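Chain residues, written in single-letter form:
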Amino acid sequence: PAAIADARQLRPETLRLAPADASFRRYLRIDTRTEGLSRIIMDAPPDKENSHPFVQVAGLMREAGVRAPQVLECQEAEGFLLLDDLGVRTMLDGIQPEHPDANLPRYQQAIDALVRWQLASRPGVLPPYDAALLQRELQLFPDWYLGKHRGVQLDEKQRAVIDQAFACIVENNLSSASVFVHRDFMPRNLMLTDEATLGVLDFQDAVY
């Protein structure tokens, strides 16, 4: 909207696509009238995407001391969000395979961010990571990897082995302490913002 562009000093002529995640959301990068300062526009079609979890979890992460995009403007009914820009370099981009020891500080920063996120955990805020959700996620392995990708059809004995293993996994997970879970915490979703911290993206599906 023109009013937001004016208020936030955006330059519409600089609008370009930014990397997207596996969803119907579209991300665009736009420059501001401040040299070197850009913003991210999230276009989340409201008939396909619910923007509220993103806004909620972004706020929870920032409250926990985790670097997440700040929501500068939000029009959920239109699926429009304006975010600050955490840059273009992911932790994966910064990993040096030929110098394993040099990567340790980044992994320590990732663990620090994860611990801060978990220390902020409390019930009744995010959807529960319950048995039904765990089972749905485990089911992706036989349904999509084995069945669709590899074309493997399991016989009854093999299916029983997998079902037994899944039951043990679900039981073990549910017996553990409940904490906030990002669900896709990996180097592709961690951003190199500066030397001291990592930014965190793709957190809208977080659960407890």
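Coordinates for the structure precede this section.
Just so we're clear, the structure is a prediction, and the values are computed from it rather than from any experiment.

**Q** Which parts of the structure should I look at to understand the sheet that holds strand β4 (residues 71-75)?
**A** Backbone hydrogen bonds hold the strands of a sheet together, and the pairing may be parallel or antiparallel. Reading across the sheet, the five strands line up as β1-β2-β3-β5-β4 and stay open at both edges, with antiparallel pairing between neighbours. Taken across any chain shown, the strands that pair with only one partner, and hence form the sheet edges, are β1 (16-17) and β4. Relative to strand β5 (residues 80-84), β4 runs antiparallel, the two being bridged by four bridges. In the sheet register, Val 71 faces β5, and the bridge partner there is Leu 83.

**Q** Which parts of the structure should I look at to understand the pattern of salt bridges?
**A** Where charged atoms from two side chains of opposite charge approach closely, those side chains can pair. Applying the stated criterion to the full structure yields nine salt bridges. Asp 85 is paired through a salt bridge with Arg 29; the nearest N and O atoms lie 2.6 Å apart. With a gap of 56 residues between them, Asp 85 in the loop between β5 and α3 (91-94) and Arg 29 in strand β2 (residues 26-31) connect regions that are remote in the sequence. Taking relative accessible area as the criterion, Asp 85 reaches 18% and is therefore assigned buried.

**Q** I keep staring at the nonpolar core and nothing clicks. Help me out?
**A** Taken as a class, soluble globular proteins show a tendency for nonpolar side chains to be buried jointly. One finds Met 42, Val 57, Met 61, Val 66, Trp 117, Leu 126 and Phe 203 to be the most contacted residues of the largest nonpolar core, which totals 28 residues. Listed by contribution, the elements that provide at least two residues to this core are β3 (38-43), α2 (52-63), β5, α4 (104-119), β6 (190-192) and β7 (198-200). With five residues, the top contributor of residues to this core is α2. For Met 61, the contacting residues outside a window of four places in its chain are Val 66, Ala 68, Trp 117, His 182, Val 200 and Phe 203. Grouped together as the second largest cluster of nonpolar side chains are nine residues, Ala 5, Leu 10, Phe 80 and Leu 82 included.

Reading the values: the criteria
- What you see as residue numbers is a count from 1 along each chain, following the sequence as written.
- Whole-chain, interface and lining totals are the exception, using all residues; otherwise, since this is a predicted model, local features are given only for residues with pLDDT of at least 70 and side-chain atom pairs are given and counted only at 80 or more.
- Values reported for side chains reflect all heavy atoms of the structure, with hydrogen atoms and water molecules removed beforehand.
- Strands are labelled as partners when DSSP assigns at least two bridges between them.
- Put simply, DSSP H or I for four residues or longer makes a helix, DSSP E for two residues or longer makes a strand, and each gets a number counted from the N terminus.
- Throughout this description, the term salt bridge denotes a Lys or Arg side-chain nitrogen within 4 Å of a carboxyl oxygen of Asp or Glu.
- When a residue's accessible area, from a 1.4 Å probe over protein chains only, is under 20% of the maximum for its type it is buried; when over 50% it is exposed; and in between it is partly exposed.
- Here, the term nonpolar core denotes a set of buried Ala, Val, Leu, Ile, Met, Phe, Trp, Tyr and Cys residues that are joined through side-chain atoms within 4.5 Å.
- Contacts between residues were defined by any pair of non-hydrogen atoms, one from each residue, lying within 4.5 Å.

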